[in-house]
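Each chain, letter by letter, is given below.
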Number of protein chains: 2
Amino acid sequence: MSQPIADHPFTPHDHQQCIDQAMARAEALCRRQRARLTPLRRRVLELLWQSHRPVGAYELLEQLRTGSRAAPPTVYRALDFLQRVGLAHRLASLNAYTGCCYPGESHAGQFLICRSCQASSELSSAGVSRSIRQATAAAGFSVEQQTVEIHGLCSRCRED
Amino acid sequence: MSQPIADHPFTPHDHQQCIDQAMARAEALCRRQRARLTPLRRRVLELLWQSHRPVGAYELLEQLRTGSRAAPPTVYRALDFLQRVGLAHRLASLNAYTGCCYPGESHAGQFLICRSCQASSELSSAGVSRSIRQATAAAGFSVEQQTVEIHGLCSRCRED
DNA sequence: AACAAAATGTTATAGTGTTACATATCACAG
DNA sequence: CTGTGATATGTAACACTATAACATTTTGTT
Ligand SMILES: [Zn+2]
Ligand SMILES: [Zn+2]
Ligand SMILES: [Zn+2]
Ligand SMILES: [Zn+2]
């Protein structure tokens, strides 16, 4: 498994590098999958990567509207595409969306979400996945999709 | 930790016993906490325990309406109360609510949700909690609330 | 150039949850 | 009891999130 795009999103870092890497890997992934990263879809992905804070669909819509007009289906379709090819996730506990840190790699969506700075960090913890598989196997349950969203305080916000 | 109300909700069982036990433990818990389990709140809790399928707020509203009238705030307030005292949970990935199987005991909400029969089972897996704490501690993150919702197929639905 | 498939625009509507304020019920002190 | 403040419920309007249905444009291919 290669390096995640943002390994420590809660600590100060060169975020432009996150953005550049995310867009570069998105390009590559879409080329490989023959998926069309159109200007609109690219724009939405860029908006998602503006920060590590998950963004609501209507907030994206606002930002898209500067210049062109746009209605809800526009942004929802772009988000559907990004989720389908594995470039973004939806966070059910926030009704918000975020760029994927492991594009093109099979992984379960596991997220840490700071209630103070609102940033989120995508984990891909084998230990968590394993313990979930163990707990579910004991019940004879076969896992198809997992929603793991941990709310709390990130290291940086705890200092204050 | 005492026995959960429904240990194996996916397998055939005497569900009336689930209901009776849930209501009895709710009474006891509210007495202990000096919380008021009013007729309305009790009714909503009974509706939640009609089956092991999580129920949407507007679906509860429909059922409340047989007889008395009711508007959204009525059911949302009852659900808020039930969640506050620890008698119910909200499942973010479903926008639905379900009765708690471990009332009065400190536990993280972890759920298995079958896409075929729609039933859900509340886990309280120490292993899952531990691996989450480990993974988050490594990042210096302090957990306050966890959303763990595992979608898949239950043992019974896998047989078919 | 002609055509089919994919993407986007547009309007309306469905589904989920909250705000604000009025009314009713309850608990408790006097 | 009875008044009084706190808690719970009724009611109407509204905010936020997401989708359906259909028209139009763009793209890739023959
Ligand atoms: Zn970054
Ligand atoms: Zn991801
Ligand atoms: Zn049962
Ligand atoms: Zn519970």
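That block above? That's the structure.
The structure displayed is predicted, hence computed values, not measured ones.

**What to know about the protein's contact with DNA strand C**
In the vicinity of DNA strand C, 17 residues are found, and the nearest of them are A:Thr38, A:Arg77, B:Arg36, B:Tyr58 and B:Arg90. Protein-adjacent atoms of DNA strand C, using a 4 Å cutoff, are sugar or phosphate at a proportion of 52%. Within the side chain of A:Thr38, one N or O atom sits 2.6 Å away from a phosphate oxygen of DNA strand C. Measuring from a phosphate oxygen of DNA strand C, one finds a side-chain N or O atom of B:Tyr97 at 3.4 Å. Looking at the surface near DNA strand C, the elements with two or more residues in it are helix 2 (39-48) and helix 4 (72-85) of chain A together with helix 4 (72-85) of chain B. Looking at the surface near DNA strand C residue by residue, the class counts come to eight nonpolar, three polar and six charged.

**What about the protein's contact with DNA strand D?**
The local shell around DNA strand D holds 17 residues, among which A:Tyr58, A:Arg90, B:Thr38, B:Arg69 and B:Arg77 are the closest. A share of 54% of the atoms of DNA strand D within 4 Å of the protein falls on sugar and phosphate groups. Within the side chain of A:Arg90, one N or O atom sits 2.3 Å away from a phosphate oxygen of DNA strand D. The contact in question runs from a phosphate oxygen of DNA strand D to an N or O atom on the side chain of B:Thr38, over 2.7 Å. When residues of the surface near DNA strand D are traced back to their parent elements, those giving at least two are helix 4 of chain A together with helix 2 (39-48) and helix 4 of chain B. For the surface near DNA strand D, the residue count by class is eight nonpolar, three polar and six charged.

**Remarks on the interface of chain B and chain A**
Opposite the 33 residues of chain B that make contact, chain A presents 33 residues. When chain B packs against chain A, close to 2600 Å² is buried across both sides, 61% of that on carbon and sulfur atoms. Counting across the chain B and chain A interface gives two salt bridges. The residue A:Glu144 makes a salt bridge to B:Arg115 at a minimum N-O spacing of 2.7 Å. Remark: the boundary between chain B and chain A carries 15 residue pairs in polar contact (both at pLDDT 80 or more). Elements that contribute at least two residues to the side of chain B that touches chain A include exactly strand 3 (110-114), helix 5 (126-138), strand 5 (142-153) and helix 6 (155-159) of chain B. Sorting elements by how many residues they give to the side of chain B that touches chain A places strand 5 of chain B first, with 12 residues. Grouping the constituent residues of the side of chain B that touches chain A by class yields 16 nonpolar, 13 polar and four charged.

Calculation criteria
Residues numbered from 1 in each chain as written. Chains lettered and ligands numbered in written order. Predicted model: local features only at pLDDT ≥ 70, side-chain atom pairs only at ≥ 80, totals over all residues. Heavy atoms only, no water. Near = heavy atom within 4 Å. Polar contact = N/O pair within 3.5 Å; in protein donor to acceptor, adjacent residues only side chain to side chain. Helix = DSSP H or I, 4+ residues; strand = E, 2+ residues; numbered from the N terminus. Nonpolar A, V, L, I, M, F, W, Y, C, P; charged D, E, K, R; others polar. Contact = heavy atoms within 4.5 Å. Buried area = accessible area lost by both parts, 1.4 Å probe. Salt bridge = Lys/Arg side-chain N within 4 Å of Asp/Glu carboxyl O.

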